[in-house]
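Here are the chains, one letter per residue:
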Amino acid sequence: MAATLRIQSDWSRALSKDEGEAWLSCRSPGKPTLYGSVTRRGLSSDGSPDIMASEGFMVGEVTKKSILISCPHENVSTKFLAPYTSFCRIHQKSITCLDISSGGGLGVSTSTDGTMKIWQAANGEIRRLLEGHVYDVNCCRFFPSGLVVLSGGMDAQLKIWSAEDASCVVTFKGHKGGILDTAIVDRGRNVLSCSRDGTARLWDCGKSACLGIIADCGSPINGIAVGTADNSLNLGTPEKPPSEREVGTEGKILLLAREDKKLQGVGLQSRQPVFLFVGSDAFNCCTFLSSTYILAGTQDGNIYQLDVRNTNAPIQVIHRSGAPVLSLLPYQDGFIASQGN
């Protein structure tokens, strides 16, 4: 396991002052953490910040938006990037979930301040306040059209909202516990949800009805992801013909990130189990890298990469720190992970 080099999250603001300071730490598993700092001493001759590091650390390339820092003792270096922009007035407390519309114009987010808001992605201007859930809203996402939002809350309700006038057009009821994640099938005629009640359900947006329970795990399902399965994968056969209201479920596999340390794959149309992988701790999130490769993150900081055709052993296990892996997102040829530190 590699060493991890960290800098306090608001370093760019700290170092924007003529004599600002930010704190550093370098942690290697099984070794004492090394602590230090970086200090700004005004501007260098080329106009970039003049920054030096304390003993044990070295500063490499510095620009107005990035800084390269290394810890020679642990043979590790990291390039830290300043935020492109920051929106500090959308929420008053921690942000629990967010999504950006397909066109990139709008954002939607939920927070521990109890609100869900739609805002302009360009400038953070709040456009709509979405009110109607009781208690916390856990998850939100745009439909592919970018005009409609899907949300799930601790009130066990799944809701669909108009991004244009903030009206709640559909409410789904059926879960017995808080909804923890959602997914949209194709263009959004059907949607999926998972809950603390241990079930994953498929819903028909047009009829506001539950089309079926895809899985009943007996343990909270923290995250789900739906994707097209590799052609060689046997997804099973439905016990009865699917409803004509099911649209786009054929050939799809649903991933379930479970609290009981299990990552499960289920045929979306068949409702049949495809694989079951046991990890090191509760699974919090999962995603598809392709029709063959998937990722899942655990509470103890592991990121598992698996091949859905053979899940007996992971392709790799990535461990940067012991902080919970909270979300995963495919990006270019790799992925982005967020952790609870």
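Per chain, residues are indexed from 1 in the order of the written sequence. It should be noted that, the model being predicted, local features are given only for residues of pLDDT at least 70 and side-chain atom pairs only at 80 or more, the latter also being counted only at that level, while totals for whole chains, interfaces and linings use all residues. Each side-chain value is worked out from all heavy atoms of the structure, with water and hydrogens disregarded.

### A few points about the overall build of the protein chain
Thought 1: Secondary structure elements are defined from DSSP: runs of H or I of at least 4 residues count as helices, runs of E of at least 2 residues count as strands, and each element is numbered from the N terminus. The helix and strand inventory of the protein chain stands at 1 helix and 29 strands.
Thought 2: Taken against the 2.2 N^0.38 rule, which gives 20 Å for 341 residues, the C-alpha radius of gyration of the protein chain at 22 Å falls within 12% of a compact globule.
Thought 3: Across its three principal directions, the C-alpha atoms of the protein chain cover 70 × 50 × 30 Å.
Thought 4: Taking all 341 residues of the protein chain together, 47% fall into the buried category.
Thought 5: Contacts spanning at least 24 positions in sequence make up 39% of the contacts within the protein chain whose residues lie at least 6 apart.
Thought 6: Note on areas: Shrake-Rupley, 1.4 Å probe, and residue coverage restricted to the protein chains presented here. With the model as given, the accessible surface of the protein chain reaches about 17,300 Å², and the carbon-plus-sulfur share is 48%.
Thought 7: Residues scored as charged are limited to Lys and Arg (positive) and Asp and Glu (negative), so that His and the chain ends carry no count. A charged residue contributes its charge at one atom only: NZ of Lys, CZ of Arg, CG of Asp or CD of Glu. Of the charged side chains in the protein chain, 33 are positive and 33 negative, and the gap between their average positions amounts to 3 Å. Radius of gyration means the value over C-alpha atoms here, while the globule rule gives 2.2 Å times the residue count to the 0.38 power. The buried label applies to any residue whose accessible area, calculated with a 1.4 Å probe on protein chains only, is under 20% of its type's maximum; exposed applies above 50%, and partly exposed to all values in between. Any two residues whose heavy atoms approach within 4.5 Å are treated as being in contact.

### Comments concerning the packing of aromatic side chains
Thought 1: For Phe, Tyr and Trp, where Trp contributes only its six-membered ring, two rings pair if their centres lie within 6.5 Å, and the inter-plane angle classes them as stacked under 30 degrees, edge-to-face over 60, or tilted in between. The final tally for this structure, using the stated rule, is 5 aromatic pairs.
Thought 2: Seen in terms of ring centroids, Phe87 and Trp119 are 5.9 Å apart; in terms of plane orientation they differ by 65°. Their pairing is edge-to-face. Here the residue Phe87 occupies a position in the loop between strand E7 (76-81) and strand E8 (95-100), and Trp119 occupies one in strand E10 (residues 116-120), the gap between them amounting to 32 residues.
Thought 3: Look at Trp119 and you get buried, because its relative accessible area is 7%.
Thought 4: Aromatic side chains Phe172 and Trp203 sit 5.1 Å apart centroid to centroid with 35° between the ring planes, which places their arrangement in the tilted category. With Phe172 in strand E15 (residues 168-173) and Trp203 in strand E18 (residues 199-204), this residue pair connects regions lying 31 residues apart in the sequence.
Thought 5: On the accessibility criterion, Trp203 (1% relative accessible area) is buried.
Thought 6: Joined through ring pairs, the aromatic side chains of Phe277, Phe283 and Tyr304 make up one cluster.

### Some words on the sheet that holds strand E6 (residues 66-71)
Thought 1: In short, DSSP must find at least two bridges between two strands for them to pair. Read across the open sheet, the 3 strands follow the order E5-E6-E7; overall the sheet is antiparallel. The open sheet has two edge strands, strand E5 (58-62) and E7, and neither has a second partner. With strand direction ignored, the average angle separating the axes of adjacent strands in the sheet is 20°.
Thought 2: Direction of pairing for E5 relative to E6: antiparallel, over a ladder of 3 bridges. When the bridges of E6 are listed, Met58 appears paired with Ser70. To get an axis, fit a line to the C-alpha atoms, keeping to the stretch in contact for a helix; angles then go from 0 to 180 degrees between the N-to-C directions.

### With respect to the nonpolar core
Thought 1: Counting 25 residues, the largest nonpolar core has Val108, Leu130, Phe172 and Val191 as the members making the most contacts within it.
Thought 2: When residues of this core are traced back to their parent elements, those giving at least two are strand E9 (106-111), E10, strand E12 (137-142), strand E13 (148-153), strand E14 (157-162), E15 and strand E16 (179-185).
Thought 3: Ignoring sequence-local partners within four residues, the contact set of Val191 consists of Phe143, Leu150, Leu158, Phe172, Ala183, Ile184, Arg201, Leu202, Trp203 and Cys205.
Thought 4: Think of a nonpolar core as a cluster: buried Ala, Val, Leu, Ile, Met, Phe, Trp, Tyr and Cys residues, connected wherever their side-chain atoms sit within 4.5 Å. Counting residues in each nonpolar core, the second largest holds 20 residues, with Ile7, Ile51, Phe57 and Phe80 among its members.

### Examining the UniProt feature "repeat: WD" (unreviewed entry) in the protein chain
Thought 1: As annotated by UniProt and renumbered to match this structure, "repeat: WD" (unreviewed entry) occupies residues 88-129, 130-171 and 172-204.
Thought 2: For the annotated span residues 88-129, helix accounts for 0% and strand for 50% of the residues, and the straight-line distance between the end C-alpha atoms is 16 Å.
Thought 3: Annotated as residues 172-204, this span is 0% helix and 64% strand, and its ends, taken at the C-alpha atoms, are 9 Å apart. UniProt positions are given in the numbering used here, feature names are shortened, and annotations may be inferred rather than shown by experiment.

### Let's talk about the state of the cysteines
Thought 1: The rule for a disulfide is simple: a pair of cysteine sulfur atoms within 2.5 Å. Following the criterion strictly, the structure yields 0 disulfides and no others.
Thought 2: Considering cysteine sulfurs only, Cys194 is the nearest to Cys217, which forms no disulfide, with 9.2 Å between them.
Thought 3: Given a relative accessible area of 15%, Cys217 falls into the buried group.
Thought 4: Unpaired in this structure, Cys286 has its nearest cysteine sulfur neighbour in Cys285, at a distance of 7.1 Å.
Thought 5: Relative accessible area serves as the criterion here: at 8%, Cys286 is assigned to the buried category.

### Focus on the domain arrangement of the protein chain
Note: interface size is frequently given as the accessible area lost on complex formation between the parts.
Thought 1: You can read the domains of the protein chain as domain 1 (4-81) and domain 2 (95-339).
Thought 2: Spacing between the C-alpha centres of domain 1 and domain 2 amounts to 37 Å. Where each domain starts and ends comes from a domain assignment, either automatic or drawn from a database.

### Focus on the pattern of salt bridges
Thought 1: One speaks of a salt bridge when a side-chain nitrogen belonging to Lys or Arg is within 4 Å of a carboxyl oxygen belonging to Asp or Glu. Under the defined criterion, the tally for this structure stands at 8 salt bridges.
Thought 2: The partner of Arg258 in a salt bridge is Asp260, with the nearest N and O atoms 2.7 Å apart.
Thought 3: Residue class for Asp260 comes out partly exposed when judged on its relative accessible area of 26%.

### Description of the pairing of strand E17 (residues 190-195)
Thought 1: Of all 6 residues in E17, 6 are buried, a share of seventy percent or more.
Thought 2: Of the two faces of E17, both are covered, the one formed by Asn190, Leu192 and Cys194 as well as the one formed by Val191, Ser193 and Ser195.
Thought 3: For E16 and E17, the ladder comprises 6 bridges, and the chain directions are antiparallel. Counterpart to Ile179 in the pairing with E17 is Ser195.
Thought 4: Sheet topology note: the E17/E18 ladder contains 5 bridges and is antiparallel. When the bridges of E18 are listed, Leu192 appears paired with Leu202.
Thought 5: In sequence, E17 turns back onto E18 through a hairpin of 3 residues, with Gly198 there showing a positive phi of about 90°.

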